[in-house]
Amino acid sequence: MGPMGRMSPIGPISPTCPMRILAYLLIVMSFACGIQAAPQRFEYSQVAMGVRARIVLYAKDEATAKQAASAAFDRIACLEDVMSDYRPTSELMRLCSKAGGPPVHVSPDLLFILTKSQELARRSGGAFDVTVGPMVRLWRTARKSGVLPTSAEISAAQSLVGWRKITIDPKAYTVKLAVPGMKIDLGGIAKGYACDEAIRILEEQGIDSALVEMGGDIAVSDPPPGTKGWEIEVAGKTMTLSNKAVSSSGDTEQFVEIGGKRYSHIVDPKTGLGLTNRIAVTIIARKGVTSDGLSTAVSVLGEEKGRELVKSYSGARAHIRN
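Keep in mind that this is a model prediction, so the values were computed, not measured. (Residues numbered from 1 in each chain as written. Predicted model: local features only at pLDDT ≥ 70, side-chain atom pairs only at ≥ 80, totals over all residues. Heavy atoms only, no water.)

Student: Account for the overall build of the chain, naming residues and giving values.
Tutor: Each helix and strand in the chain was counted, giving nine helices and 14 strands. Going through the 322 residues of the chain one by one, you find that 49% of them count as buried. For the chain, long-range pairs separated by at least 24 residues make up 58% of all intrachain contacts whose partners lie at least 6 apart in sequence. Element-wise, carbon and sulfur atoms account for 53% of the exposed surface of the chain, whose accessible area totals about 16,400 Å². (Helix = DSSP H or I, 4+ residues; strand = E, 2+ residues; numbered from the N terminus. Buried < 20%, exposed > 50% of the residue type's maximum accessible area, 1.4 Å probe, protein only. Contact = heavy atoms within 4.5 Å. Areas by Shrake-Rupley, 256 points an atom, 1.4 Å probe, with all protein chains shown as cover.)

What follows is the structure in structure tokens.
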């Protein structure tokens, strides 16, 4: 025992031994530096792709959280510039303006989302079809006016619709729209992909635990600290999820009544009108690009065929209410 009556990791501490005191302080400081503060919860939101985009994340401090969220929102904004059908200058609208012409070189993002869309169109027998743009525009007008489009208007729109009218060359990064006047609508899949990309950017920024929500689409990464996962309400039940995506579609909230009949905001590619089958669909999948597209396709297909489609996607689950 030294004069101070206690032992240290480096032997007795003595006021007459400054080198030992310095060494002791260095050891104490090294232990303190090794103890990191628990991650804190931060939440940010802004309008993107026509909805309120929300990011919840856990970070060591506010500066780190703000930088990560800003990078994720920037990525979402970039994707909106690529895939928006509301912005005349978006890459998607520039592609549509060249419909009927030669193949058009596109960005990796647009190539990816169109390739995924075509795959789902094929597997769903056309229930999911991004060429439905002309019908969607007709239906938007009908929802605002309360007047159904005429059969002639529907027929004209249908002549421009058909997923087989798109040709993609993945090696050349080109897309060809066969018929002049074709309009692509990515509303049934773009937000899910944006959620995926926001999660990816957050992970690149060192954020392991995050939730990104855009309208009816949610993507989550690792669980919040001290929990088994993120608590997400699915079909009226609370589920604990991590590294998953959840998307919901149906006419529960977005619908219109015309002539005493209730129509969904989701357009059936076969009829050109909003769905009337009163269905609410929630899909859980590994990625938002899958859950978003499937939720739309299943809404069009109906429960029986919809469940068969979901089974063909590994790791996907469907919750359907009629």
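Student: I'd like to hear about the packing of helix H7 (residues 190-204) against helix H8 (residues 288-301), residue by residue, with values.
Tutor: Helix-helix packing is characterised by the crossing angle of the two axes and by the distance between the axes. Contact geometry for H7 and H8: axes closest at 7 Å, N-to-C directions at 165°. One way to sum up the angle between H7 and H8 is to call them roughly antiparallel. Once H7 is placed against H8, the crossing between them reads as right-handed. Contacts from Ala190, Lys191, Gly192, Tyr193 and Asp196 of H7 reach H8 at Gly288, Val289 and Asp292. (Axes fitted to C-alpha atoms, helices over the stretch in contact; angles between N-to-C directions. Parallel < 35°, antiparallel > 145°, perpendicular 65-115°, else oblique. Left-handed = near helix turned anticlockwise from the far one by under 90°.)

Student: Requested: an account of the side chain of Ser264, with residues and values cited.
Tutor: Summarising the element assignment, Ser264 is placed in strand S12 (residues 261-264). Owing to a relative accessible area of 3%, Ser264 belongs among the buried residues under this scheme. Here Ile266 takes part through its backbone nitrogen, which lies 3.0 Å from a polar atom of the side chain of Ser264. (Polar contact = N/O pair within 3.5 Å; in protein donor to acceptor, adjacent residues only side chain to side chain.)

Student: Talk me through the environment of Thr167; I want residue IDs and the actual numbers.
Tutor: Looking at the secondary structure, you find Thr167 in strand S4 (residues 166-169). Classification of Thr167 as partly exposed rests on a relative accessible area of 48%. When the C-alpha atoms of Thr167 and Pro103 are compared, they prove to be 8.2 Å apart, with 64 residues separating the residues in sequence. Setting aside residues up to four positions removed in sequence, Thr167 forms contacts with Thr174, Val175 and Lys176.

Student: If you had to explain the pairing of strand S7 (residues 217-220) to someone new, which residues and values would you point to?
Tutor: Going residue by residue along S7, you find Asp217 and Ala219 tucked away on one face and Ile218 and Val220 tucked away on the opposite face as well. Looking at chain direction, strand S6 (residues 210-214) and S7 are connected through four bridges and run antiparallel. In the sheet register, Glu213 faces S7, and the bridge partner there is Ile218. Count of turn residues in the S6/S7 antiparallel hairpin: two residues, of which Gly215 carries a positive phi of about 65°. (Pairing = 2+ DSSP bridges.)

Student: Go over the pattern of salt bridges with me, naming the residues and quoting the values.
Tutor: Tallied over the full model, the rule gives 15 salt bridges. A single salt-bridge network, built from bridges that share partners, covers Arg75, Asp109, Glu197, Arg200 and Glu204. (Salt bridge = Lys/Arg side-chain N within 4 Å of Asp/Glu carboxyl O.)

Student: Go over the packing of aromatic side chains with me, naming the residues and quoting the values.
Tutor: How two aromatic rings sit relative to each other is set out by the distance from centre to centre and by the angle between their planes. According to the stated counting rule, one finds two aromatic pairs in the structure shown. One Lys or Arg, Arg123, reaches over the ring of Tyr313 and ends 3.8 Å from the middle of that ring. (Phe/Tyr/Trp six-rings, centres within 6.5 Å; stacked < 30°, edge-to-face > 60°. Lys NZ or Arg CZ within 6 Å of the ring centre and 35° of its normal.)

Student: Got a sec to walk through the sheet that holds S4? Specific residues and values, please.
Tutor: Taking strand neighbours across the sheet as the criterion, the three strands line up as S3-S5-S4 in an open arrangement whose pairing is antiparallel. Each of the sheet's edge strands pairs with one partner strand only, and the pair in question is strand S3 (104-105) and S4. Across four bridges, S4 lies against strand S5 (residues 174-177) in antiparallel orientation. When the bridges of S5 are listed, Asp169 appears paired with Thr174. Running at roughly 125° to S4, helix H4 (residues 108-123) makes contact with S4 and S5 of the sheet.

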